[in-house]
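One-letter residues, chain by chain:
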Amino acid sequence: MGLASKPLFSVPKHLVGQWGIEFMRLYPQASILVATDADFEKDNRKRFVARIAAGDWDAVIVSETQLAKIPLPPELEARYIEEEKIRIEDAIDQARMSDDAAKRLTVKQLEGRRKRLETRLEKTRKHDQDDMLDFTDLGIDRIFVDEAHHYKNLFTETKMRNVAGLQAGDSQRASDMLYKTRWINERTGYKGVVFATGTAVSNSMTEVYNMQRYLQPQTLALAGLNGFDAWASMFARKTTSLELKPEGSGFQVKTRFSSFTNLPELITMFASVCDVKTAADIALPGIPEARRENVALEPSPEQVRMVAELGRRADAIRSGSVDPASDNMLVVTNDGRKLALDQRLVIPDLPDGDWSKTSAAAQKIWGIWRDSEPARGVQIVFCDLSTPKPEGFNVYDDLRGKLVDMGIPAGEIAYVHDAKTEKAKARLFEAARSGEVRVLMGSTQKLGEGTNVQTRLVALHHLDCPWRPSDLEQREGRILRQGNRNKEVGIYRYVTKGTFDSYMYQTVEHKQRFIGQVFGGSGAASRSADDIELSCDESVTLGADEAERRRYADLILSSAGDERGFTTCLSARASSLRYRLRQIMKPAAKRSGALLIGFAAFFLILGCVHIAFAYGGGTGEELIFGGQDTSLYTVSDGSCTDPEGLKDYVASLELMELTEEYDFDLDGVRHRVIVFDAPGDQGKQISVDFYDNIVEFRPLFIKLDHWAEYYCLPAGTDWELLDSFFEP
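Position numbers for residues start from 1 in each chain and track the written sequence from start to end. Whole-chain, interface and lining totals are the exception, using all residues; otherwise, since this is a predicted model, local features are given only for residues with pLDDT of at least 70 and side-chain atom pairs are given and counted only at 80 or more. For side-chain calculations, the full set of non-hydrogen atoms in the structure is used, while hydrogens and water are omitted.

**Side note on the overall build of the chain**
Using the following cut-off: Helix numbering and strand numbering both begin at the N terminus, where a helix is a DSSP run of H or I of at least 4 residues and a strand a DSSP run of E of at least 2. Accessibility here uses a 1.4 Å probe with only protein chains present; expressed as a share of the type maximum, an area under 20% marks a residue as buried, one over 50% as exposed, and anything in between as partly exposed. Every residue pair with non-hydrogen atoms within 4.5 Å of one another is taken to be in contact.
When helices and strands are tallied, the chain shows 26 helices and 22 strands. Within the chain, the fraction of its 728 residues that count as buried is 51%. Sequence separation of 24 or more characterises 74% of the internal contacts of the chain that already satisfy a separation of 6 or more.

Here is the structure:
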C-alpha cells in the first residue's frame with residue numbers, strides 16, 4: 001500500500017517473540033527484524049541499531065525498554081526540552097499573576113518541573129552515544145506502540161489543587177515516547193503514529209488528554225486547548241462526594257474528576273484518531289459465560305482491632321500531630337491492604353482461621369479441582385500484594401500448603417514467579433494449557449496481559465483488588481477468552497468485611513465509571529454524563545458495613561432537589577457523633593424521617609466519625625467577608641507574611657452552611673485561628689477557625705456567648721497552603 005517503508009513496532013518485553021511469530025504467520029514473505037535480549041547488550045547494541053538502519057525491513061520489532069535505549073539526537077532532544085521549559089516558565093508567570101488562592105503551591109510544583117527539565121537538558125548535552133546511530137538515522141517512518149497505556153504518565157501542567165486523579169509527576173519513559181512520536185509526526189504530517197491498547201484510560205481521566213497529546217497535538221492546538229486546565233474546563237467536571245477513608249474505618253469528603261461534559265465534541269475529536277471496539281461491538285464467538293461470586297468473609301477480632309487502630313493513625317496524620325517520616329497515609333494504606341488480605345502480613349505471629357482468605361480460597365479451589373478432574377480443569381489465582389519469598393510469611397506459600405494438605409499434588413500447583421526466563425514461562429504456560437499444572441498462581445503484572453493459558457481454565461480467583469480497572473480486565477481476560485473449552489467459568493472475589501477491600505473496589509468503580517462514559521459508546525447522545533450511580537460495585541456493598549453506609553450517604557448527596565442540596569462533612573470523633581445522634585432522635589426531630597435515623601444509626605455502629613448535615617452555602621467572600629472588598633480587611637496576626645494571599649484563599653473557599661448548632665468535640669484536632677480587622681468602627685474583628693473539613697466563623701463584636709456559624713469545607717483545608725502564609 002506504500003503507507004510506510006520501514007515501520008517499527010514497540011511491544012512489551014514478554015511479547016516480542018510472540019509478535020515475531022504472529023507477524024510471520026500472517027505475512028510469511030515479509031522481511032522482519034526481531035530484537036533479542038542479547039542484541040541490546042552493550043557490546044552488541046551498536047551493531048543491531050546499524051542493522052535496523054541498513055536493512056530494508058517490512059517490520060522492526062523491539063521491546064519498550066530496547067526502544068528507550070535508542071536515543072534521539074542530543075540537539076533534537078534539547079530543542080524539545082527547551083520548548084517544554086519555555087511553556088513551564090510561561091505557566092509560572094501566569095500562576096504568579098493569578099488570583100487563585102493556591103498559586104503558591106502551583107508555582108512550587110511548576111518550578112520543580114522546570115528544575116527537572118534543566119537537569120535532563122544538562123545530561124542530554126553531555127550524553128555520550130558511543131558513536132551509535134540515533135533514532136532519526138534509522139529510516140523509521142511509522143511507529144506502532146502496543147499496550148500504549150504504559151506511556152500514560154506524562155507531566156500535567158495545572159493550577160488545580162486537592163483534586164484526586166491528577167498526574168503530579170511524570171516518567172522518563174513517557175517523555176521519551178512523547179519526543180519520539182513528536183519527531184515521527186513532524187516527519188509524516190501527523191500520520192506516522194499508531195497506538196494500540198485495550199485500556200486507553202486505565203487510572204485517571206488525565207490519560208484521555210495525554211493520549212491526545214501523543215496522537216493529535218495539532219488538533220488540540222487548533223482548538224485552543226494548549227494545556228490541561230483549558231482541556232478540563234471544556235470536557236471535565238469535578239464533583240465532591242462522600243467516600244470511604246483509605247484505612248477503611250470511616251468516611252471523607254473527596255473532590256475528584258468523575259464525569260465528562262461536552263461529550264459529543266470530545267468523542268468527535270478523539271474519534272478522529274481513535275477507533276474504539278468494545279467486547280459488545282466485536283461479539284467474539286467462543287467466549288465463555290462468567291458466573292461471578294463474591295465471597296464475603298467476617299473479619300477476625302484482631303482485624304477489627306487493627307482496622308480501628310488504622311483509623312486512629314490516619315486521624316493523627318490528618319491532624320498534623322505525627323511526623324510524616326514516622327507515619328503517613330502511604331504507610332497506613334499499605335498496612336490496610338495487607339490487613340484486608342491476611343492479618344499475618346501485618347503481624348506474622350497472629351493466628352490463622354476460617355476467616356482468612358487463603359482458607360476460604362483453598363476450600364473453593366479444592367472443590368473445583370475435584371469436580372473438574374475428568375477434564376483436567378485449570379484454575380488461576382491472582383494476588384498482587386504478597387508474592388513468594390524465601391523467608392517469612394506470604395500468601396502464596398500459605399495457600400499452596402493448604403491445598404497440598406487437602407490432597408492436591410504439589411506438582412499440579414505452580415507460581416509464575418518461578419519461571420525466570422521467557423522459555424521457562426512458555427513451558428509453564430504449555431503445562432497449564434495441557435492440564436499438567438492445574439492451579440496457576442501469579443500477580444497481574446506477571447500473569448496478566450499477553451498470557452494465553454485459557455484452554456482448560458474453569459475458575460479465576462481474585463485474592464486482592466488491584467488499583468486500576470484495566471488490571472481487573474486484564475486478569476479476567478485470561479479466562480474470558482477465545483480458545484477456552486469451557487462454556488461457563490467461575491470468577492470469585494474474596495472480600496474481608498470492614499477492611500480496605502471496600503475502599504479498593506469503590507476506587508476502581510469510580511475510575512471505571514468515567515472510562516465507560518467515553519469508551520462505552522453510550523455517552524454521545526447527551527451533553528454530559530453525570531456521576532449518578534448511588535451504590536458501588538456489588539463487592540463493596542456485600543463486603544462491609546461501611547459500603548452500605550456510603551450508599552445511604554450517596555443517596556442524600558445526590559437525591560435532594562436544586563433548592564436544598566444536602567451534603568455531609570465528617571471528622572473522627574465518636575463522642576460528637578453520639579451527641580449529634582441524640583439531637584437527631586429527639587421527638588421534635590422525628591420529622592427528619594426514617595431514612596435519616598437509619599442513616600445515623602449506621603454511623604453509630606461505626607462509632608468513629610462525626611456527621612453533620614449541610615445545605616445552601618456560598619464562597620468565603622460572601623459568607624466570611626459579607627461580599628465586601630477583601631482589601632478593606634486586615635490580618636491582625638503579625639506573623640502573616642502574605643496577607644493578600646491569605647485573604648484571597650479565604651475568599652475563594654466553597655462553603656456549605658450547617659443546619660443547626662453543633663457540639664464539636666475537637667480536642668487534639670489540628671486547627672488554626674485567624675483574626676481579621678473588619679472595616680468600620682475601631683476594634684471590629686472577625687475570627688475564622690480552620691479544621692480539616694470545618695470552618696468556624698465568629699464575629700467577635702457580637703456580644704453573645706458562644707455565638708458562631710459553622711460551615712462544611714467539602715474540599716478540605718489546604719494546610720500546606722494555609723501554613724505558607726505565616727512565618728514558620
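Now that the structure has been shown, the text picks up again.
**Quick word on the nonpolar core**
Which entries qualify depends on this criterion: Joining through side-chain atoms within 4.5 Å is the link that ties buried Ala, Val, Leu, Ile, Met, Phe, Trp, Tyr and Cys residues into a set, and such a set is a nonpolar core.
In terms of nonpolar packing, the biggest core is built from 47 residues, with I52, F135, I143, M177, F195 and Y214 touching the most fellow members. For this core, the elements supplying multiple residues, two or more each, are α2 (42–54), β3 (59–63), α4 (74–97), α5 (103–126), β4 (142–146), α6 (172–188), β5 (193–196) and α7 (206–215). Per element, the largest residue contribution to this core is 8 residues, and it comes from α4. Setting aside residues no more than four positions away along its own chain, F195 makes contact with V145, A148, M177, T181, M211, Y214 and L215.

**A word on a nonpolar patch on the surface**
Note the threshold: Patches here are clusters of residues that have more than 30% relative accessible area and form no salt bridge, with a 9 Å joining cutoff for like charges and a 5 Å cutoff for nonpolar side chains (Val, Leu, Ile, Met, Phe, Trp, Tyr). Method for areas: the Shrake-Rupley scheme with a 1.4 Å probe, in which residue coverage is limited to the protein chains shown. Only one rule defines a salt bridge in this text: a Lys or Arg side-chain nitrogen within 4 Å of an Asp or Glu carboxyl oxygen.
Where nonpolar side chains cluster on the molecular surface, the patch consists of I282, L284 and I287 and spans about 250 Å² of accessible area. The partly exposed category is assigned to I287, whose relative accessible area is 36%.

**Let's talk about the pairing of strand β21 (residues 694–699)**
Inclusion rule: We call two strands paired when DSSP finds no fewer than two bridges between them.
With 5 of 6 residues buried, β21 is to be regarded as a mostly interior element. Hairpin connection between strand β20 (residues 685–690) and β21: a loop of 3 residues separates the two successive antiparallel strands. Bridge analysis of β21 against strand β22 (residues 709–712) gives 4 bridges, and the strand direction is antiparallel. The residue bridging I694 from the neighbouring strand is C712, located in β22.

**Looking at helix α18 (residues 469–476)**
For α18, the tally of buried residues reaches 7 of 8 residues, placing the bulk of the element in the interior. Among the residues of α18, P469, S470, D471, L472, Q474, R475 and E476 are the ones counted as buried.

**Some words on helix α12 (residues 301–319)**
As a reminder of what qualifies: Working rule for helices: expected span equals 1.5 Å times residues minus one.
For α12, which comprises 19 residues, the first-to-last C-alpha distance of 28 Å matches the rise-based estimate of 27 Å (1.5 Å per residue) to within 8%. Buried within α12 are the following residues: Q303, M306, V307, L310, G311, R313, A314, I317 and S319. G320 occupies a position one or two residues after α12 and carries a positive phi of about 80 degrees.

**Some points on the sheet that holds β3**
Selection criterion: To get an axis, a line is fitted to the C-alpha atoms, and for a helix only the part in contact is used. The angle between two axes follows their N-to-C directions and goes from 0 to 180 degrees.
The strand order across the open sheet built from 5 strands is β2-β3-β1-β4-β5, with neighbouring strands paired in parallel fashion. Both outer strands of the open sheet, β2 (32–34) and β5, are each paired with one neighbouring strand and no more. Between one strand axis and the next, the sheet turns by 15 degrees as a mean value, whatever way the strands run. Note: β2 against β3, 3 bridges, orientation parallel. Looking at β3, one finds that L33 is bridged to V60. Most of the contacts of helix α1 (residues 16–26) go to β3, to which it runs at about 160 degrees, and overall it touches β1 (7–11), β2, β3 and β4. On the sheet, α2 packs against β2 and β3 and is oriented at approximately 160 degrees with respect to β2.

**Quick look at a negative patch on the surface**
The condition is simple: Positive charges are assigned to Lys and Arg, negative charges to Asp and Glu, while His and the chain termini are left out of the count. The location of each charge is read from NZ of Lys, CZ of Arg, CG of Asp or CD of Glu.
A contiguous patch of negative charge, built from D37, E41, D43 and E422, is present on the exposed surface. Examined against the element boundaries, E41 turns out to sit in the loop between β2 and α2. Overall, the relative accessible area of 46% leaves E41 in the partly exposed class.

**Considering the packing of helix α14 (residues 357–371) against helix α15 (residues 395–406)**
Applied cut-off: Note that the term roughly parallel is reserved for angles under 35 degrees, roughly antiparallel for angles over 145, roughly perpendicular for angles of 65 to 115, and oblique for everything else. When the near helix sits turned anticlockwise from the far one by under a right angle, the crossing is termed left-handed; a clockwise turn instead gives a right-handed crossing. Residues were grouped as follows: Ala, Val, Leu, Ile, Met, Phe, Trp, Tyr, Cys and Pro as nonpolar; Asp, Glu, Lys and Arg as charged; and all remaining residues, including Gly, as polar.
As a packed pair, α14 and α15 sit with axes 9 Å apart at the nearest point and diverge in direction by 45 degrees. As far as their axial angle goes, α15 and α14 are oblique. Crossing angle aside, the handedness with which α14 passes α15 is right-handed. The residues of α15 that touch α14, namely those facing T358, S359, A361, A362, Q363, I365 and W366, are V395, D398, L399, K402, L403 and M406. Taken together, the residues that form the contact of α14 with α15 break down as 8 nonpolar, 3 polar and 2 charged.

**Details of the side chain of N185**
In this structure, N185 sits in helix α6. N185 has contacts with Y190, K191, G192, V193 and Y214, leaving out every residue within four places of it along the chain.

**A word on the packing of aromatic side chains**
Counted only if it meets this: Side-chain rings of Phe, Tyr and Trp (the six-membered ring for Trp) are treated as a pair once their centres are within 6.5 Å; stacked means planes under 30 degrees apart, edge-to-face means over 60, and tilted covers the remaining angles. A ring is scored as having a charge over it whenever the NZ atom of a lysine or the CZ atom of an arginine sits within 6 Å of its centre and within 35 degrees of its normal.
Applying the stated criterion across every chain, the model contains 17 aromatic pairs. Between F625 and Y633 the ring centres are 4.8 Å apart and the planes differ by 65 degrees, which places this aromatic pair in the edge-to-face class. A centroid spacing of 6.2 Å and a plane angle of 25 degrees characterise the contact between Y649 and F690, whose relative ring orientation is stacked. Of this pair, Y649 sits in helix α25 (residues 643–652) while F690 sits in strand β20, and the two are 41 residues apart along the sequence. The buried category is assigned to F690, whose relative accessible area is 0%. What links up through ring pairs into an aromatic cluster is the set F9, W19, F23, Y27 and F144. We note K180 situated over the ring of F135; from NZ or CZ to the ring centre the distance is 5.5 Å.

**What to know about the sheet that holds strand β10 (residues 413–415)**
The 6 strands lie next to each other as β8-β13-β12-β9-β11-β10, forming an open sheet whose pairing is parallel. In this open sheet, the two strands that pair with only one neighbour each are β8 (289–297) and β10. On average, each strand axis in the sheet is inclined to that of its neighbour by 20 degrees, with strand direction left out of account. Along the sheet, α14 contacts β8, β9 (378–382), β11 (439–442), β12 (457–462) and β13 (488–496); its crossing angle with β13, the most-contacted strand, is approximately 165 degrees.

**Focus on the environment of F725**
Relative to the elements of secondary structure, F725 occurs in the segment after α26 (719–724). A relative accessible area of 1% places F725 in the buried class. Along the primary structure F725 and S639 are separated by 86 residues, whereas in three dimensions their C-alpha atoms are 8.6 Å apart.

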